[in-house]
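Inside the fold
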Amino acid sequence: MSGRLEVMKTYKLYINGAFPRTESGRSYEIKSHSGEFLANACLASRKDLRDAVVAARAAQPGWAKATAYNRGQIIYRIAEMLEGRADQFAQEISLQTGATAKESLQEVSEAVDLLVWYAGWSDKLPSLAGATNPVSGPFYNFTVPEALGVVGVIAPIEKPLFGFVAAIAPILVSGNTAIALASSSAPLSAISFAEVVATSDLPNGVLNILSGQQSELAPWFASHMDIDGLDISGLAVDQHGTIKEAGVENLKRISSFAETAEPGRILAFMEAKTVWHPIGN
Amino acid sequence: MKFYGLVDGSDTSLRNYLKQLPGVDQVGADARAAMLATRSIKTTSKAWAIDTAISMVDLTTLEGADTPGKVQALCSKAFRPDPTNPEVPHVGAVCVYNDMVGIARQHLDSIGAKELPVAAVSTAFPSGRASMAVKLQDTEDAILAGAAEIDMVIDRGAFLSGRYIEVFEEIVAIREVCGNRAHLKVILETGELVTYDNVRKASYLAMLAGADFIKTSTGKVTPAATPPVVLVMLEAVRDFYDLTKVRIGVKPAGGIRTTKDAIKQLVLVNETAGPEWLDPSLFRIGASALLNDLLLQRMKMSDGYYASPNYVTID
Amino acid sequence: MNFEYAAAPESRSVVKIDPVYGHFINGKWVTGTSHFNSINPATEEVLSSIALGTSADVDAAVKAARNAFDKSWSKLSGRERGKYLFRIARIMQERAREFAVLETLDNGKPIRESRDVDVPLSAAHFFYHAGWADKLEFAGVGTTTTPHGVVGQIIPWNFPLLMLAWKVAPALATGNTVVLKPAETTSLTALLFAQVCQQAGLPEGVVNIVTGDGSTGAAIVNHPGIDKIAFTGSTDVGKLIARAVSATNKSLTLELGGKGANIVFGDAAIDEAVEGIVNGIFFNQGHVCCAGSRLILQENIADEVLEKLKRRMEKIRVGDPLDKNTDLGAINSAEQLAKIHELTAAGDTEGAARWSPNCALPDKGFWFAPTIFTGVTQAHRIAREEIFGPVLSVLTFRTPNEAIEKANNTPFGLSAGIWSEKGSNILWATQQLRAGVIWANTFNKFDPASPFGGYKESGWGREGGRHGLSAYLKGSAK
């Protein structure tokens, strides 16, 4: 008998900075690329989503009020923490997708670099997306971009870590808070990402991570009246219509994206506020 | 001179006076308070500050569950904060609910603490929502029971809805009840006034109406005695002295829990109103848990190592 | 009852100063051929012996920078360049206390300021610019995002580390390599910065630091292998440099002197305005190009403001810069102190009324008490010339237009301040003022995202924000 028995990881949800199990008590099997049992992931319910939205909403004003510098530094720290765990994440990716060790490490590096890229946008995008507008009249007129609020994410299936990071980073950098649903078949990278986030000074509730079935939860994301925006890049194209329709009730801003490194992904979940003020004494 | 000759007691006069006060820039006030909070008070100045802070504490218990036993223990603690060390000064006053004043006064007298005043909260503390008759009676009862200081609350509802003259007249009436039997502290409840402009206006309103002290809070609402709020109030008493040659006291209350907090307050006084205010007759700190932290820090300064809560009495 | 603050000195033990320093060229320390002393202006103690850079040293540095540009730096993606800058920012944060104490020892500024302003802003500057390195195509500074190549940077003594950050961060972010000369009296934090570059693994030759005096600076300005010069310092030297490069293809940005007008209207928030006046002229001992050195006070509140100002000035603590409670530190050099004396003497002669609070000044070192002159008119030397010390000239005005006229009546155009509670008035004044940085109801606020630079003889170009990037990119200008 060689080797010691490894302590298997329990994969839980990440809500408001804590790691609860799903309130439904349900789980589902995650199998490796070659069919072996990997873990019982939580099968999150609509009530978990409801709790996550409450947490995200409570955290949002504080996160948006933090200075852009502070948000940038925190997202950079998420990159620092992820870099430190490269091997752990690469292993998980290989197990789930069958990618080689080299390919998986490459995916982790790309995810780290993408976090660094987005971190650098926090204190620059307003200088580009905002403007002083030359109106006709003695008025100072300026437009400022502002965070939208609480944004849901249906994370993509391919590249379980990189795709996840590409979805959440642009949402957080401007001051939104998020609830992300990990890819149903390969959720482990997203769930482990919670460990990185929990050690990065990101305030509780800013990012919440659920694992479960897209088919069960996506409609609840879409209909929730306290979710302001939704990234459905991870949803199959034939589902987009139904989800968009469900989101109309509170005029959710719903988008899906093709590019991963794109400031447009930040702007898609921002509002623009224009202010007038007379000039004179 | 009535109302220091600055207002004539009419609504118009009061309104105009308050309106002409310069505004307070919130960001600037916050920055000044934050800069003063970086003062590093060490060694001899820290020792002096700790003892001064102790002598300025209004040791307070204001709970629905207060009993004679609780109040008596508080009074003993107020007079001899550290029973093992008689060098520790006694606090500035004991602050209790009006129906506990008699018990406090009696106990203090019985332990030889005749010079330690009892302050009573009155006027339907903390909300201030009661009839004028009740508020006047509240005050009279406290004074008859032995209170030498009255901490009254202003009608914040009236203030926020712009009925300044009502707030003014209430203070004038309570001041009259106090006469020369008790000094009057006026609680502005700055957490409910919210803006620094309001804090400045309310400070002047209270001083014009006859306050001996202006006090930040009831301690039942947060935020309470934040440094910028205390800064604005210290500026008000400083400027009021220039106008009238009368010094009004300031009492922050609520949220001052550690020695560090207390020392920051003393620095604010020192560099805003000035050293004349560094005396219990012009500056008090409304607190309860603070006293033990001051004692722990005092121990560390004299012993040279960190103390433990086991070595200070809980009451 | 007086509340005396006992001495609260910050410990020097966090800092290790070598007795002799060389230059930092091509990632290595290079011994200098001759040296000069660098002293602590608060005590006149000799801190270290600094190398005097010769033309040969400058030449070696330029070659190293060119080589690094050609072989390594220009080959890196913006993303990779950015990651070096993020590392540098983080290491500066890690070594923050060390940098702050060293800056105070070398410059004379209070530890509270180096700790709370200089060092955090310097790290922030690197952090901010790190994020631009891979986003230049979005910066809106033009379609050409090609760096110049090798840039020569000459910085002043008033904010040694911060000025280094303002220069090096954007230069590197845009893909240039650097030869930097710190000021003669303040080289130490630049030399410590070289250690940070090494810890960050920055490729050799990307940043080169050559210490020295005016002759070293001239060697940099005149070196044919340098594509662009960036200079912060006096207007006189700025003009010398501009003349020297005018017949060359070198690109040039300048950040020069100022005589900032701080305008207080009658409707200002008075207490905060007084704080702003004090901050405007006494922060950093008044050694600030954008200092609010002319107070332009509306007559209807002049007496009240002056009385409050004097009372506030009584509370300024002058003394040991390493003491955490010190507000006003030492004047940086005997030379600068002599200049301040000369100009304030002129103030007396020309009939202005001088006032300072009583403050005991230390025996050793270079010190000047915070001072105001009232009854100043535009014709006085102390209203026209930059004193660069803790001296405020006070003028008055009756109408808003008069305030603007007086404020603009100067060849300088770096900064201005406006104090008023009326929004439209503030916006009107900002529209009229000919100054590159205008602070309304605040003063001396800096941020890497906020462009800084002057109109008129206060300089060419901006630093910080996306506007500051264009200085370091070739662009389409010939």
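What you see is a predicted model; the values in this text were computed from it and never measured.

1. So, the side chain of E107 of chain A
All names here are of chain A.
- Note on placement: E107 falls in helix α4 (residues 101-119).
- Here E107 is buried and forms no salt bridge, its nearest opposite-charge partner K159 lying at an N-O distance of 5.8 Å.
- Of note is the side chain of E107, whose polar atom sits 3.0 Å from the backbone nitrogen of F162.
- The contacts of E107, once residues within four sequence positions are left out, are I93, K159, P160, L161 and F162.

2. Brief notes about the interface of chain C and chain B
- Each partner contributes to the interface: chain C provides 28 residues, whereas chain B provides 30 residues.
- Together chain C and chain B conceal approximately 2400 Å² of surface at their shared face, both sides included; 49% is due to carbon and sulfur atoms.
- Summed over the shared surface of chain C and chain B, the result is six salt bridges.
- Close ionic contact of E275 of chain C with R32 of chain B constitutes a salt bridge, the shortest N to O distance being 3.1 Å.
- In this assembly, chain C and chain B are joined by 12 residue pairs in polar contact (both at pLDDT 80 or more).
- Contributions of two or more residues to the side of chain C that touches chain B are made by α4 (111-130), α9 (270-282) and α10 (302-313) of chain C.
- For the side of chain C that touches chain B, the class distribution of residues is nine nonpolar, three polar and 16 charged.

3. As for the state of the cysteines
- Per the counting criterion, the structure on display carries zero disulfides over all chains.
- The closest cysteine sulfur to the non-disulfide-bonded C95 of chain B is located on C75 of chain B, 11 Å from its own sulfur.
- The class of C95 of chain B is buried, set by a relative accessible area of 1%.
- With no disulfide of its own, C289 of chain C lies 4.6 Å from the sulfur of C290 of chain C, the closest cysteine sulfur.

4. Points about the domain arrangement of chain C
All names here are of chain C.
- Each assigned domain of chain C is listed with its residue range as follows: domain 1 (23-256 + 456-473) and domain 2 (261-440).
- With centres defined by C-alpha atoms, the gap from domain 1 to domain 2 works out at 30 Å.
- Each side of the interface is counted separately: domain 1 has 30 residues, and domain 2 has 32 residues.
- The interface formed by domain 1 and domain 2 holds one salt bridge in total.
- Here domain 1 and domain 2 share 16 residue pairs in polar contact (both at pLDDT 80 or more) between them.
- Elements that contribute at least two residues to the side of domain 1 that touches domain 2 include exactly α3 (96-107) and α4.
- Partitioning the side of domain 1 that touches domain 2 into residue classes produces 11 nonpolar, nine polar and 10 charged.

5. Overview of the interface of chain A and chain C
- On the chain C side, the residues contacting the 23 residues of chain A number 28 residues.
- Taken together, the two surfaces of chain A and chain C that pack against each other cover about 2300 Å², and 62% of this comes from carbon and sulfur.
- For the chain A face of the interface with chain C, the top three residues by lost area are Y76, K124 and N281 of chain A, together amounting to 24%.
- Here chain A is connected to chain C by two salt bridges.
- Linking chain A with chain C are 10 residue pairs in polar contact (both at pLDDT 80 or more).
- Among the secondary structure elements, those contributing two or more residues to the side of chain A that touches chain C are α2 (68-84), α4, α5 (125-129) and β10 (270-278) of chain A.
- Considering every element that reaches the side of chain A that touches chain C, the biggest residue donor is α2 of chain A, with six residues.
- Across the side of chain A that touches chain C, the residue classes tally to 11 nonpolar, seven polar and five charged.

6. Here's the deal with the sheet that holds strand β7 (residues 207-210) of chain A
Residues and elements named next belong to chain A.
- With parallel pairing, five strands are arranged side by side in an open sheet as β7-β6-β5-β8-β9. Looking at strand neighbours, the two that pair on one side only are β7 and β9 (253-255), the edges of this open sheet. Adjacent strand axes in the sheet meet at a mean angle of 15°, parallel and antiparallel pairs treated alike.
- Where strand β8 (residues 229-231) meets β9, three bridges bridge the pair, whose relative direction is parallel. Residue pairing for β9: L230 is matched across the bridge by I254.

7. Considering the packing of aromatic side chains
- Using the criterion set out here, one finds 33 aromatic pairs over all chains in the structure.
- Seen from their ring centres, Y204 of chain B and F240 of chain B are 6.4 Å apart, and the 75° between their planes marks the pair as edge-to-face. Here the residue Y204 of chain B occupies a position in helix α10 (residues 196-209), and F240 of chain B occupies one in helix α11 (residues 227-244), the gap between them amounting to 36 residues.
- The buried category is assigned to F240 of chain B, whose relative accessible area is 0%.
- Among the aromatic side chains, those forming a connected cluster through ring pairs are W166, W439, F443, F446 and F452 of chain C.
- Residue placement shows K245 of chain B over the ring face of Y241 of chain B; its charged tip is 4.9 Å from the ring centre.
- The cationic tip of K300 of chain B hangs over the ring face of Y306 of chain B; the distance from NZ or CZ to the ring centre is 4.9 Å.

8. Description of the packing of α2 of chain A against α4 of chain A
Residues and elements named next belong to chain A.
- It is at 8 Å that the axes of α2 and α4 come closest, and there the two elements cross at 170°. When the axis of α2 is compared with that of α4, the two are roughly antiparallel. On the side of α2, the interface is formed by G72, I75, Y76, I78, A79, L82 and E83, while α4 contributes V108, A111, V112, L115, V116 and A119.
- Considering only residue class, the contact of α2 with α4 consists of 11 nonpolar, one polar and one charged.

9. Digging into α11 of chain B
All names here are of chain B.
- The end-to-end C-alpha separation of α11 is 25 Å, in line with the 26 Å expected for 18 residues at 1.5 Å each.
- In terms of burial, α11 is a largely internal element, 14 of the 18 residues being buried.
- One or two positions beyond α11, positive phi appears at K245, with a value near 65°.

10. What to know about the side chain of K228 of chain C
Residues and elements named next belong to chain C.
- Checked against the element boundaries, K228 lands in strand β8 (residues 228-232).
- One buried charged side chain, K228, makes no salt bridge at all; its nearest oppositely charged neighbour is E463, positioned 8.3 Å away.
- Every residue in contact with K228, bar those within four places of it in the chain, is listed here: H148, V150, V151, G152, S251, L252, T253, A471 and Y472.

11. Description of α3 of chain C
Residue and element names in this part refer to chain C.
- The end-to-end C-alpha separation of α3 is 16 Å, in line with the 16 Å expected for 12 residues at 1.5 Å each.
- The buried count for α3 comes to 10 of 12 residues, which makes it a mostly enclosed element.
- Where α3 is buried, its residues meet β3 (35-39), β4 (46-51), α2 (78-94), α4, α5 (160-173) and α6 (188-199).
- Within two residues after α3, G108 carries a phi angle of roughly 100°, on the positive side.

12. Topic: the environment of N85 of chain B
Residues and elements named next belong to chain B.
- Within the secondary structure, N85 is located in the loop between α4 (68-79) and β2 (93-97).
- Using a relative accessible area of 24% as the deciding quantity, one classes N85 as partly exposed.
- Within polar-contact distance, the side chain of N85 engages the backbone nitrogen of E87 at 2.9 Å.

13. Regarding the sheet that holds strand β12 (residues 353-355) of chain C
All names here are of chain C.
- Across the sheet, seven strands lie side by side as β12-β13-β14-β11-β10-β15-β16; this open sheet has mixed pairing. Edge positions in the sheet fall to β12 and β16 (437-440), since each of these pairs with one other strand and no more. On average, each strand axis in the sheet is tilted by 20° relative to the strand beside it, whichever way the strands run.
- Bridging between β12 and strand β13 (residues 371-374) involves three bridges; their strand directions are antiparallel. Following the sheet pairing, A353 is matched in β13 by T374.

14. A look at the packing of α5 of chain C against α6 of chain C
Residues and elements named next belong to chain C.
- Contact geometry for α5 and α6: axes closest at 8 Å, N-to-C directions at 50°. Comparing their axes, α6 and α5 come out oblique. The element α5 and its partner α6 pack so that their crossing is right-handed. Counting all contacts with α5, which are made through P160, L161, L164 and V168, the residues of α6 involved are T189, A190 and F193.

Definitions and limits used
- Residues numbered from 1 in each chain as written.
- Chains lettered and ligands numbered in written order.
- Predicted model: local features only at pLDDT ≥ 70, side-chain atom pairs only at ≥ 80, totals over all residues.
- Heavy atoms only, no water.
- Helix = DSSP H or I, 4+ residues; strand = E, 2+ residues; numbered from the N terminus.
- Buried < 20%, exposed > 50% of the residue type's maximum accessible area, 1.4 Å probe, protein only.
- Lys, Arg positive; Asp, Glu negative; His and termini not counted.
- Salt bridge = Lys/Arg side-chain N within 4 Å of Asp/Glu carboxyl O.
- Polar contact = N/O pair within 3.5 Å; in protein donor to acceptor, adjacent residues only side chain to side chain.
- Contact = heavy atoms within 4.5 Å.
- Buried area = accessible area lost by both parts, 1.4 Å probe.
- Nonpolar A, V, L, I, M, F, W, Y, C, P; charged D, E, K, R; others polar.
- Disulfide = S-S within 2.5 Å.
- Domains from an automatic or database assignment.
- Pairing = 2+ DSSP bridges.
- Axes fitted to C-alpha atoms, helices over the stretch in contact; angles between N-to-C directions.
- Phe/Tyr/Trp six-rings, centres within 6.5 Å; stacked < 30°, edge-to-face > 60°.
- Lys NZ or Arg CZ within 6 Å of the ring centre and 35° of its normal.
- Parallel < 35°, antiparallel > 145°, perpendicular 65-115°, else oblique.
- Expected span 1.5 Å × (residues − 1).
- Left-handed = near helix turned anticlockwise from the far one by under 90°.

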